[in-house]
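A structural walkthrough
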There are 4 protein chains.
Amino acid sequence: MTLNIGVIGCGMIGRDHTRRIQQVLSGAQVVALSDVNRANAETVRRDLAPDATLFDTGEALIAAPEVHAVLVTSWGATHEPYVLAAIAAGKPVFCEKPLATTSEGARRIVEAEVAHGSRLVQVGFMRRYDAGYIALKAAVQQHTGAPIMVHAAHRNPAVPEAYVTPMAIHDTLIHEIDVFRWLLDDDYVSARVLYPRKASRSHSQLRDPQVVVLETQKGVLIDVEVFVNCAYGYDIQCEVVGEEGTARLPEPMAIDLRLGALRQNAILTDWKDRFVASYDVELNDFIAAASKGGATGPSAWDGYAAAVTSDACVQAQESDGQAVAIVLPVRPALYN
Amino acid sequence: MTLNIGVIGCGMIGRDHTRRIQQVLSGAQVVALSDVNRANAETVRRDLAPDATLFDTGEALIAAPEVHAVLVTSWGATHEPYVLAAIAAGKPVFCEKPLATTSEGARRIVEAEVAHGSRLVQVGFMRRYDAGYIALKAAVQQHTGAPIMVHAAHRNPAVPEAYVTPMAIHDTLIHEIDVFRWLLDDDYVSARVLYPRKASRSHSQLRDPQVVVLETQKGVLIDVEVFVNCAYGYDIQCEVVGEEGTARLPEPMAIDLRLGALRQNAILTDWKDRFVASYDVELNDFIAAASKGGATGPSAWDGYAAAVTSDACVQAQESDGQAVAIVLPVRPALYN
Amino acid sequence: MTLNIGVIGCGMIGRDHTRRIQQVLSGAQVVALSDVNRANAETVRRDLAPDATLFDTGEALIAAPEVHAVLVTSWGATHEPYVLAAIAAGKPVFCEKPLATTSEGARRIVEAEVAHGSRLVQVGFMRRYDAGYIALKAAVQQHTGAPIMVHAAHRNPAVPEAYVTPMAIHDTLIHEIDVFRWLLDDDYVSARVLYPRKASRSHSQLRDPQVVVLETQKGVLIDVEVFVNCAYGYDIQCEVVGEEGTARLPEPMAIDLRLGALRQNAILTDWKDRFVASYDVELNDFIAAASKGGATGPSAWDGYAAAVTSDACVQAQESDGQAVAIVLPVRPALYN
Amino acid sequence: MTLNIGVIGCGMIGRDHTRRIQQVLSGAQVVALSDVNRANAETVRRDLAPDATLFDTGEALIAAPEVHAVLVTSWGATHEPYVLAAIAAGKPVFCEKPLATTSEGARRIVEAEVAHGSRLVQVGFMRRYDAGYIALKAAVQQHTGAPIMVHAAHRNPAVPEAYVTPMAIHDTLIHEIDVFRWLLDDDYVSARVLYPRKASRSHSQLRDPQVVVLETQKGVLIDVEVFVNCAYGYDIQCEVVGEEGTARLPEPMAIDLRLGALRQNAILTDWKDRFVASYDVELNDFIAAASKGGATGPSAWDGYAAAVTSDACVQAQESDGQAVAIVLPVRPALYN
């Protein structure tokens, strides 16, 4: 049976997920579209989903009986109410990050889902679906022994002037925050931010680079370099050090060239290319679980934990190298 | 519009392609199944395509009006008549290799398709859809300058007793034969086979390893080591040497481990894992072209050229290091 | 003209340097030997330097007119008086690390050399002579742009029970402390130590692993993992992140093997093998400078700076993640 | 005791070996120099060996009683008479390649040495002293199982117009010819040369590249690409395929850089840099053996075998892909 999906938010990401559902993946179709700017929704309908119905509001789309499941790809500030509405309607909902713009908002979603009694929400943390991270997690479980440290880097060639210091957490580190919880099957207890001198390309409202140090409940010490003006490319590094050995995230596939006195492999420069394959797997997972009326991927709890951790990291950015505690309430049984 | 596919041959490969169409890919469904052993078709229907109709013969399946396109995944000797029947019915047909068991048979398919006047046949040379080979071809076109040499290896950890010397060509080298024609956009003019001493694991009816040397019309010299008892893993190597530099096929993704005094990366041992992702892409390409009534991937001509080249290579295996000429007729305009 | 060298301390290192001078390097000979245990000196004379004179004390050896230059390879606590005696005698002296067992002792050597008015002392920081670090420094100067961060690791497979927490600084990190000052042409301003959970192999008197964070005057942030029970091998890692890109210390040469379903390269397990080639270069440098009556390698000042930094790191080990300031007096002009 | 060496031929190589003996290595000194152009000898004496005596002829130098051992680094055509003279004088002699310009000449040297009754000659095949090849040989003996195939390449960025087709054997492949005999502990039985199209940079008197195929007595099949206009760098590749796995010659040390959207490592462009470290080891070995009155490195027999093989390869260059037999007489017991 085909899963009928309604998409709220027809910008770049909403459009791309619609293409994925209509042209790449099996088992679902986009039957409803909505965007605060109706022209966006019309364009996506014309190009990708000619049979879809346009809705004036996300709420109306969620309420429509032919819509089985919802994708929330609208502006961040609208995520919380749409997700709450979907939960209220008992419909599976895939929400792009952030789940909510505040940890309190994420908490409200968790509470709503717990009240509902079963999982409906999947948050768009796509790295968990990346073949490299999946292989890394398997290697950690099978080969390295229990993890003790993680050394990581998240490098971007450049950012616009609008990118200010807290965005290094909210927009950039957020991916590491989620994926390391998953990778290590662990939770954070503290965050600390250390700064080298500012890079010469760093803008006036941005302290770049920075090294974020996270500690986990199991005692793993994680250092993540966040460097968004690294100039040379988009580069994600992750090395896990365990009791028996180390494992490292693979480089993206690249041809070995020998040319002009260099052995060389291309490095990606656009973040959109780095995890592109994982979006297909992520949505496929959503379709499979939503077809059974639920959700199985990154949960509302994961979104909440990421929000709480982000808040602590942003506070740590202003704490002169001091550790900031990260405290989560008891995890509801729904998420065990 | 959904493409209705009929599958002839419900063994391992037919089953796997059915799963792909039903559960992974968008735009098509399996509506008809047939197998010389009806139980096979029933199992596939039960597990993967409950709405499909079973047909007693491949010919009946091909004739059924609800079948828009055909997959031939039956026993090799039956490929030729089924493909000819599909062409006669004007239906797009995807045929697993070999296209025919003789080069004459492949020639008859080419002639039938030429008589039909447009392409209908796609042959299952999946390596052309492998991300590594695609990147290699792009690197050759963009970076290495015009190719002059190719050094390659096709290694298998072990083969059963039933694998005899000519199978090193028909079952193993066949993939290199096709993919290098595509990679270099070239045709072969001669083949030569050189033998080192037999490996100690080589069976009595098998001369293993061997080095096949192919020359192309443009003057590229290709050496391919075929070693099917290499013991250590399934390993496909390919280096192109051009006027300006070299490019090498990437290794499959593997985690860098440091463990037990070794930096180490796993090597695959089962050939089925090596190009597994390319099957999805290959069938997706078939669905896209067949939905428009045609075919665009590896053609009947490519299947014919591979068959003629294989024949020459097998002859070269018995020619004591002498070059055997490879002569193809003029390529019909349909395939330009 | 051949440089006549006297060696004080005929244990493993003294013996090895004697072999180097007698059998490998050009331009010098060992003419005098001394050891607190005379039998050691006799053995080295018999095996490697039959023409050498034995002296009862290091002081007597230093005073002997036929001795042009001195190697101090005795027990650490004796380094300071021997080096001071060599300075007093105006003779070039190569001193294995530590230059002195306290930073005050190292300071006294600096003051004596400054009073002498020209350089006589070379400290045995051999990593500066390692081809990998030399290439890394060149890459940083030519390619990466100004350094901003360094990520490093110093891993040992195992240590004996006698190895306690401060030795992670004095015996292990000491090499990074010196080589990074040289690599970056910079000085430290603070040290901080962070701990993950203890590794299960860590002994009761050892907190292992630890991450030492150093800041430099130019604002470079350095993190060094020190893990002396890493199990898998002796492994030295160093990545410099600069304004334009990154550079990484090369791995020691190792054969690429494909064997048993693994691509593999051996990792060293004994630290003595890791920088073995640099000892030749180091002593060659000493011979060249000492032949002209001076010294040019790692200086007494470098030894002093390393001692001050080590003290701060040991203090930081007990400071619960707080930064400890590292303050050096003004560098005497002799060392500019 | 110091070995007194006389150097015949004071060009680039003779000068470099003199520097090595005088300034780098232990245990020898250059006491005599000779060059057909006396000014060359005077320059080397002035710069590197002020105490050396100049001789008008190589023969006079060899005859001088203070000369214990001889280095022949003169013009190739003079090697044979000088080596024969050294043998007649019973003095150890290191001879740069070629040992003689003809295989008959090399044969005469073998016969003279056999008549003398003990080894005196070391031929300048320095690759046997390269740390990479030594590690490769160890890996083959310990890990890969018995060798079955070797895939190799010898690439040079460019050659002058004077470099004609047979020089691809005499000046380039000669190194592989020797080092593979040593690596495999084997002898050749046939050679074959295959040509792809000429590279566009290949000069009119040069057929470049070429693939030389050698077979050994033990049945190993070796293919060597010789490409002296490869443009991108000086690159030596060697992979041994054995019964259990493969081993590959390591790349020269190079810093991993990430820069400008490329992971990159420098490739050497000047052949002189590739094996520079092995010259020291080679001469050190000569000094050690010559100090005992003999020779232990690559022998006159090895030089003869290389000459016979080279002749066969040059003949094979003109034999249209046919194998040319390589026949050596019985190896004298002196060389076992």
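Calculation notes
Residues numbered from 1 in each chain as written. Chains lettered and ligands numbered in written order. Predicted model: local features only at pLDDT ≥ 70, side-chain atom pairs only at ≥ 80, totals over all residues. Heavy atoms only, no water. Pairing = 2+ DSSP bridges. Helix = DSSP H or I, 4+ residues; strand = E, 2+ residues; numbered from the N terminus. Salt bridge = Lys/Arg side-chain N within 4 Å of Asp/Glu carboxyl O. Buried < 20%, exposed > 50% of the residue type's maximum accessible area, 1.4 Å probe, protein only. Axes fitted to C-alpha atoms, helices over the stretch in contact; angles between N-to-C directions. Contact = heavy atoms within 4.5 Å. Buried area = accessible area lost by both parts, 1.4 Å probe. Polar contact = N/O pair within 3.5 Å; in protein donor to acceptor, adjacent residues only side chain to side chain. Least-squares fit on C-alpha atoms with pLDDT ≥ 70 in both. Nonpolar A, V, L, I, M, F, W, Y, C, P; charged D, E, K, R; others polar. Parallel < 35°, antiparallel > 145°, perpendicular 65-115°, else oblique. Left-handed = near helix turned anticlockwise from the far one by under 90°. Domains from an automatic or database assignment. Expected span 1.5 Å × (residues − 1).

In this section: the pairing of strand S13 (residues 256–259) of chain C. For a regular strand, side-chain orientation follows a simple rule: the groups alternate between the two sheet faces. Where S13(C) meets strand S12 (residues 245–248) of chain D, 4 bridges bridge the pair, whose relative direction is antiparallel. By the bridge assignment for S12(D), Asp256(C) is matched with Arg248(D). Relative to strand S14 (residues 262–266) of chain C, S13(C) runs antiparallel, the two being bridged by 3 bridges. Bridge pairing links Leu259(C) to Leu262(C) in S14(C). Once S13(C) ends, the chain turns through 2 residues before running back antiparallel as S14(C), passing Gly260(C) with a positive phi of about 55°.

So, about the pattern of salt bridges. Taken as a whole, this structure holds 100 salt bridges over all chains when the rule is applied. The shortest N-O distance in the salt bridge between Arg258(A) and Glu251(D) comes to 2.7 Å. Of this pair, Arg258(A) sits in strand S13 (residues 256–259) while Glu251(D) sits in the loop between S12 and strand S13 (256–259), placing the two residues on different chains. Where Asp187(D) meets Arg181(D), a salt bridge forms, and the shortest distance between an N and an O atom there is 2.9 Å. Here Arg181(D) falls in the buried class, since its relative accessible area comes to 5%. A single network of salt bridges, built from pairs that share partners, joins Arg155(A), Glu225(A), Asp235(A), Glu251(A), Glu239(C), Arg248(C), Arg258(D) and Arg263(D).

The next point concerns the sheet that holds strand S4 (residues 69–72) of chain C. Within a beta sheet, neighbouring strands are joined by backbone hydrogen bonds and run either parallel or antiparallel to one another. Residues and elements named next belong to chain C. The strand order across the open sheet built from 6 strands is S3-S2-S1-S4-S5-S6, with neighbouring strands paired in parallel fashion. Here the strands that pair on one side only, and so sit at the sheet edges, are strand S3 (53–55) and strand S6 (121–123). Each strand of the sheet is rotated relative to its neighbour by a mean of 25°, with strand direction disregarded. Two elements, strand S5 (residues 93–95) and S6, share 3 bridges in a ladder whose sense is parallel. What sits directly across from Cys-95, in S6, is Val-123. Relative to the sheet, helix H9 (residues 276–290) contacts strand S1 (3–8), strand S2 (28–34), S4, S5 and S6, its axis offset from that of S4 by approximately 150°.

Moving on to the interface of chain A and chain C. One widely used convention gives an interface's size as the accessible area the parts lose upon coming together. In this complex, chain A contributes 38 residues to the contact, which on the side of chain C involves 38 residues. Summed over both sides, the interface of chain A with chain C buries roughly 2,800 Å², with 50% coming from carbon and sulfur. Linking Arg201(A) and Glu244(C) is a salt bridge whose minimum nitrogen-to-oxygen distance equals 2.9 Å. Across the chain A-chain C interface, the total number found is 21 residue pairs in polar contact (both at pLDDT 80 or more). Listed by contribution, the elements that provide at least two residues to the side of chain A that touches chain C are strand S7 (147–155), strand S8 (188–194), strand S9 (210–216), strand S10 (221–227), strand S11 (235–242) and strand S12 (245–248) of chain A. If one sorts the elements of the side of chain A that touches chain C by residue count, S7(A) sits on top with 5 residues.

This part is about the relation of the copies chain A and chain C. Its rotation angle being 180°, the transformation that places chain A on chain C also includes 0.0 Å of axial translation and leaves an RMSD of 0.1 Å. On the angle and the small slide along the axis, the relation comes out as a two-fold axis. When C-alpha positions in chain A are compared against the rotation axis, the closest is assigned to Gln322(A), at 3.9 Å. Here 100% of the contact residues of chain A are again contact residues in chain C; the copies associate through an equivalent surface.

Taken together, the contact between chain D and chain A spans 17 residues of the former and 17 residues of the latter. Approximately 1,500 Å² of surface area, both sides summed, lies buried where chain D meets chain A, with 50% of it carried by carbon and sulfur atoms. Three residues stand out in chain D for area buried against chain A, namely Arg258(D), Ala261(D) and Arg263(D), and they jointly supply 44% of the buried area on that side. For the interface between chain D and chain A, the tally reads 10 residue pairs in polar contact (both at pLDDT 80 or more). Top element by residues in the side of chain D that touches chain A is strand S14 (residues 262–266) of chain D. It accounts for 5 residues. Classifying every residue of the side of chain D that touches chain A by side-chain character gives 8 nonpolar, 5 polar and 4 charged.

On to the side chain of Arg181(A). Residue and element names in this part refer to chain A. Positionally, Arg-181 belongs in helix H7 (residues 167–184). Polar side-chain contacts of Arg-181 include one of 2.9 Å to the side chain of Asp-187. The contact partners of Arg-181, leaving out residues within four places of it in the chain, are Arg-128, Asp-186, Asp-187, Tyr-188, Trp-301, Asp-302, Ala-305 and Arg-331.

Right, let's talk about the sheet that holds strand S3 (residues 53–55) of chain B for a bit. Residue and element names in this part refer to chain B. Sheet architecture is open: 6 strands sit in the order S3-S2-S1-S4-S5-S6, paired in parallel fashion. The outermost strands of the open sheet, each flanked by one partner alone, are S3 and strand S6 (121–123). Looking at each pair of strands side by side, their axes are set apart by 25° on average, direction ignored. Taken together, the 6 bridges between strand S1 (residues 3–8) and strand S2 (residues 28–34) define a ladder with parallel strand orientation.

Residues and elements named next belong to chain C. Take Val-189: it is sitting in strand S8 (residues 188–194). Remark: the alpha-carbon pair of Val-189 and Thr-216, spanning 27 residues in sequence, is separated by 5.2 Å. Contact partners of Val-189, with chain neighbours within four places excluded, come to Glu-215, Thr-216, Gln-217, Val-324, Ala-325 and Ile-326.

With that settled, consider the relation of the copies chain D and chain A. Mapping chain D onto chain A calls for a screw motion: a turn of 180° about the axis and a shift of 0.0 Å along it, with 0.0 Å RMSD after fitting. Of all interface residues in chain D, 100% are interface residues in chain A too; the two copies therefore contact each other through one and the same surface.

The subject of this paragraph is the packing of helix H5 (residues 103–116) of chain B against helix H10 (residues 300–317) of chain B. Geometry of a packed helix pair, given as the angle between the helix axes and the separation of the axes. Residue and element names in this part refer to chain B. In contact at an axis separation of 9 Å, H5 and H10 are set at 160° when each is read in the N-to-C sense. The orientation of H5 with respect to H10, classified from their angle, is roughly antiparallel. Between H5 and H10 lies a crossing whose hand is left-handed. On H10, the residues touching Ser-103, Ala-106, Arg-107, Ile-109, Val-110 and Glu-113 of H5 are Ala-300, Trp-301, Gly-303, Tyr-304, Ala-307, Val-308 and Asp-311. Here the contact of H5 with H10 is built from residues that sort into 8 nonpolar, 2 polar and 3 charged.

All names here are of chain A. Entries for chain A in the domain assignment read domain 1 (3–124 + 277–299) and domain 2 (128–269 + 306–335). Computed over C-alpha atoms only, the centres of domain 1 and domain 2 are separated by 27 Å. On the side of domain 2, 12 residues touch domain 1, which itself brings 18 residues to the contact. Of all residues in domain 1, the largest losses of buried area upon contact with domain 2 belong to Lys-97, Ser-103 and Pro-298, amounting jointly to 35% of the total for that side. Linking domain 1 to domain 2 there are 0 salt bridges. Those elements that provide at least two residues to the side of domain 1 that touches domain 2 are helix H5 (103–116) and helix H9 (276–290).

Residues and elements named next belong to chain A. With 18 residues, helix H10 (residues 300–317) ought to run about 26 Å at 1.5 Å a step, and its terminal C-alpha atoms sit 26 Å apart, in line with that. By the criterion of burial, H10 is predominantly enclosed, with 15 of the 18 residues buried. The opening residue of H10, the one whose side-chain oxygen lies 3.2 Å from the backbone nitrogen of Trp-301, is Ser-299.

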